[in-house]
Amino acid sequence: MQQDSLLDHALVRLDEAAAHLDIDPDVIEKLKYARETTKVRLMIRMDDGSRKSFLAWRCRYDDTRGPTKGGIRFHAESTADEVETLAFWMTFKCAVMNLPYGGGKGAVQVDPRKLSKAELERLSRAYMQAFARIIGPDRDIPAPDVYTNSMIMGWMADEYAQIFGQAEPAVITGKPIALGGSLGRGDATARGGYYLVRHLADDLGLSKTMRVAMQGFGNAGQHIARLLAADGHKIVAVSDSEGAVISDAGLHIDLLMEAKENGQSVVSTAGQGGHETLAPDEVAGVDCDLLVPAALENMIHEDNAGSVKAKLVLELANGPVTAEADRILAANGTVILPDILANAGGVTVSYFEWVQNKQGFYWTIEDIHNRLRAIMEREGRAVWNVSREKGITMRTAAYVHALSRLAEAIEAHGTQSFFTS
Ligand code: GLU
């Protein structure tokens, strides 16, 4: 029997949301398939003179609400199915936040940690060469994702400018400030989640001094740890791809950050400041108030969901909780602030970057923070209200909120353009 794809699992959430809305079934049919997914084999020269090839994809899932938007991931286990699923989530994420975008995503199947800086630059430029005619400032706008960063976005923006003979900063977001990047893009994913938790703290009955456990300590993880610790919350456990550390008295964020800056795992801090090692898969079950999955998909699943003690899960990663785990957590009274809302701060500040590039006028960091906070609070409150009114989880409410916007746009385009838009 053929195994269900990641996209099949993601579509369960679409069906759940559709049951709460009176919408044309054609809308659901349209949202079940990616509009286009392009696969390319990138061939680059390695430092030793040999040639090596890497599979790469770009998916434009749905562009009814605007140009497709979404990051490019460099990961050894990326697949076409993963890229399409991530692009599906971007479609809903942009709709939840009311950004004038559809959803897209890209990936290269590579472990970038095994490449030299020069090889990484050649690979990034090769990606842009391969997809330059799919990408465009009003067509499809990439950004960073897992294991990609502003340096890589800068190389890609430069390659695009070389291909078309002029700089076009709005073609990609998450760029270095010197190339038209926005202030505040670096910590935007974490900051958006942080504003959301702060805004709903009273409704959720959160304590002023929460115990926090985190799966993943990359860009989003490091920034949320810093923001929460500055408010007096205690980070008690953290994992990364190589291991985990725990401290009942609270981990020292500075030690963890220093390890990461030196290219080491959080585990290298064990033995210092009361940090002790922990098996990474035990982080989910640590005694805490808030659990923050901030790494990859499916980290909380059928087999570990029952061990979760946190009353709140903040999904900074995309798709970290499986549909089966959702049901277990809901039955245990755990509230999930879902990815398409909780981690949407990143794409929201990407939108600010794109707007600033188009208008050629740049905002202050205060402008960025105030605008981000206002949107997180507005859409977070709207999702909260849908969830209370309909008696449904925050995840289903976020999908309902997004789906009603998508349906309105799909219907406004007219039935004749359903499959050609
Ligand atoms: N990769 C991020 C996400 O999954 C950001 C996408 C963007 O800024 O376009 O939301």
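Below or above, wherever it landed, is the structure these notes cover. Note that the coordinates shown come from a computational prediction; the quantities given were computed from them, not determined experimentally. (Residues numbered from 1 in each chain as written. Predicted model: local features only at pLDDT ≥ 70, side-chain atom pairs only at ≥ 80, totals over all residues. Heavy atoms only, no water.)

### Concerning the overall build of the protein
Broken down by element type, the protein carries 13 helices and 13 strands. Taken along its principal axes, the extent of the C-alpha atoms in the protein is 60 × 55 × 55 Å. The 421 residues of the protein split such that 57% are buried. Partitioning the contacts of the protein with sequence separation of at least 6, the portion at a separation of at least 24 is 70%. Counting every atom, the protein has about 17000 Å² of accessible surface; 48% of that belongs to carbon and sulfur. (Helix = DSSP H or I, 4+ residues; strand = E, 2+ residues; numbered from the N terminus. Buried < 20%, exposed > 50% of the residue type's maximum accessible area, 1.4 Å probe, protein only. Contact = heavy atoms within 4.5 Å. Areas by Shrake-Rupley, 256 points an atom, 1.4 Å probe, with all protein chains shown as cover.)

### Brief notes about the pattern of salt bridges
In this structure the tally under the stated criterion is 32 salt bridges. Taking the shortest distance from any N to any O, the salt bridge between Glu36 and Arg60 comes out at 3.6 Å. Of this pair, Glu36 sits in strand S1 (residues 36-45) while Arg60 sits in strand S2 (residues 51-62), placing them 24 residues apart in sequence. Each of Arg13, Glu315, Asp326, Asp339 and Arg395 takes part in a single network of salt bridges with overlapping partners. (Salt bridge = Lys/Arg side-chain N within 4 Å of Asp/Glu carboxyl O.)

### Side note on the environment of Asn318
Relative to the helices and strands, Asn318 resides in the loop between strand S12 (312-314) and helix H9 (323-331). The spatial distance from the C-alpha of Asn318 to the C-alpha of Leu86 is 7.3 Å, given a sequence separation of 232 residues. For Asn318, the contacting residues outside a window of four places in its chain are Arg73, Leu86, Trp89, Lys93, Lys105, Asp145, Leu296, Glu297, Asp339 and Asn343. At 2.9 Å, the side chain of Asn318 and the side chain of Lys93 are in polar contact. Within the local environment of Asn318, its side chain forms a polar contact with the side chain of Asn343, the two groups lying 2.9 Å apart. (Polar contact = N/O pair within 3.5 Å; in protein donor to acceptor, adjacent residues only side chain to side chain.)

### Focus on the side chain of Asn357
Among the structural elements, Asn357 can be located in helix H11 (residues 345-359). Taking the relative accessible area as the measure of exposure, Asn357 reaches 11% and is therefore buried. A polar contact is formed between the side chain of Asn357 and the backbone oxygen of Gly180, at a distance of 2.9 Å. Excluding its chain neighbours within four sequence positions, the residues that come into contact with Asn357 are Pro169, Ala170, Lys175, Gly180 and Tyr362.

### Thoughts on helix H5 (residues 150-164)
One turn of the α-helix equals 3.6 residues, which is why residues spaced by three or four share an orientation. In a regular helix each residue adds 1.5 Å, so 15 residues correspond to 21 Å; H5 covers 21 Å between its end C-alpha atoms and thus fits that length. Among the residues making up H5, those that are buried are Ile152, Met153, Gly154, Trp155, Met156, Ala157, Glu159, Tyr160 and Ala161. Taken together, the buried residues of H5 touch strand S4 (72-75) and helix H4 (117-131). The backbone nitrogen of Met151 lies 3.2 Å from a side-chain oxygen of the residue at the head of H5, namely Asn149. A positive backbone phi angle near 75° is found at Gly165, which sits one or two residues after H5. (Expected span 1.5 Å × (residues − 1).)

### Brief notes about the site of the ligand
Around the ligand, 14 residues are found, and the nearest of them are Lys69, Lys93, Pro144, Asp145 and Ser350. A distance of 3.0 Å separates an oxygen atom of the ligand from a polar side-chain atom of Lys105. For the ligand, the protein covers 94% of the area, taking 290 Å² as the surface of the free molecule. Residue assignment for the shell around the ligand shows that the elements contributing at least two residues are helix H3 (80-96) and H11. The biggest single contributor to the shell around the ligand is H11, with three residues. (Near = heavy atom within 4 Å.)

### Structural notes on the side chain of Arg395
Checked against the element boundaries, Arg395 lands in helix H13 (residues 394-413). Those residues in contact with Arg395 that sit more than four places away from it in its chain are Arg13, Glu315, Val321, Asp326, Ile336, Pro338 and Asp339.

### A closer look at the sheet that holds strand S10 (residues 276-278)
Taken in spatial order, the seven strands line up as S10-S9-S8-S7-S11-S12-S13 in an open sheet, and their pairing is mixed. At either end of the open sheet lies a strand with only one pairing partner, and these are S10 and strand S13 (335-337). For this sheet, the mean inter-axis angle between neighbouring strands, taken without regard to orientation, is 20°. Sheet topology places strand S7 (residues 211-215) next to strand S8 (residues 234-240); five bridges connect them, and they run parallel. Paired with Gln215 across the two strands is Ser239, which belongs to S8. Packed on one face of the sheet, helix H6 (residues 188-204) meets S12 and S13 and runs near 150° to S13. (Pairing = 2+ DSSP bridges. Axes fitted to C-alpha atoms, helices over the stretch in contact; angles between N-to-C directions.)

### A few points about the nonpolar core
With 91 residues, the main nonpolar core has Phe88, Phe92 and Leu337 as its most contacted residues. Dropping the residues within four chain positions of it, Phe92 is found in contact with Leu14, Leu31, Ile340, Tyr399, Ala402, Leu403 and Leu406. Counting 27 residues, the second-largest nonpolar core is a separate cluster that includes Phe54, Leu115, Ala126 and Met128. (Core = buried A, V, L, I, M, F, W, Y, C linked by side-chain atoms within 4.5 Å.)

### Let's talk about the packing of aromatic side chains
We describe a pair of aromatic rings using the distance from one ring centre to the other and the angle between the two ring planes. The tally for this structure, following the rule as stated, stands at 11 aromatic pairs. Taking the centre distance of 4.5 Å and the plane angle of 40° together, the rings of Tyr127 and Phe131 count as tilted. Here Phe131 and Tyr127 lie together in helix H4, a separation of four residues that amounts to about one turn. With relative accessibility at 0%, the residue Tyr127 sits in the buried group. With a centroid separation of 4.6 Å and 45° between ring planes, the pair formed by Tyr160 and Phe164 is classed as tilted. Remark: Phe164 and Tyr160 occur in helix H5; sequence separation between them is four residues, near one turn of the helix. Tyr160 sits in the buried class, given a relative accessible area of 7%. Here the aromatic cluster, defined as three or more aromatic residues joined through ring pairs, consists of Tyr101, Tyr351, Phe352, Trp354 and Trp363. The ring of Trp363 has Arg371 sitting right over it, with the charged end atom 3.9 Å from the ring centre. The cationic tip of Arg388 hangs over the ring face of Trp384; the distance from NZ or CZ to the ring centre is 4.1 Å. (Phe/Tyr/Trp six-rings, centres within 6.5 Å; stacked < 30°, edge-to-face > 60°. Lys NZ or Arg CZ within 6 Å of the ring centre and 35° of its normal.)

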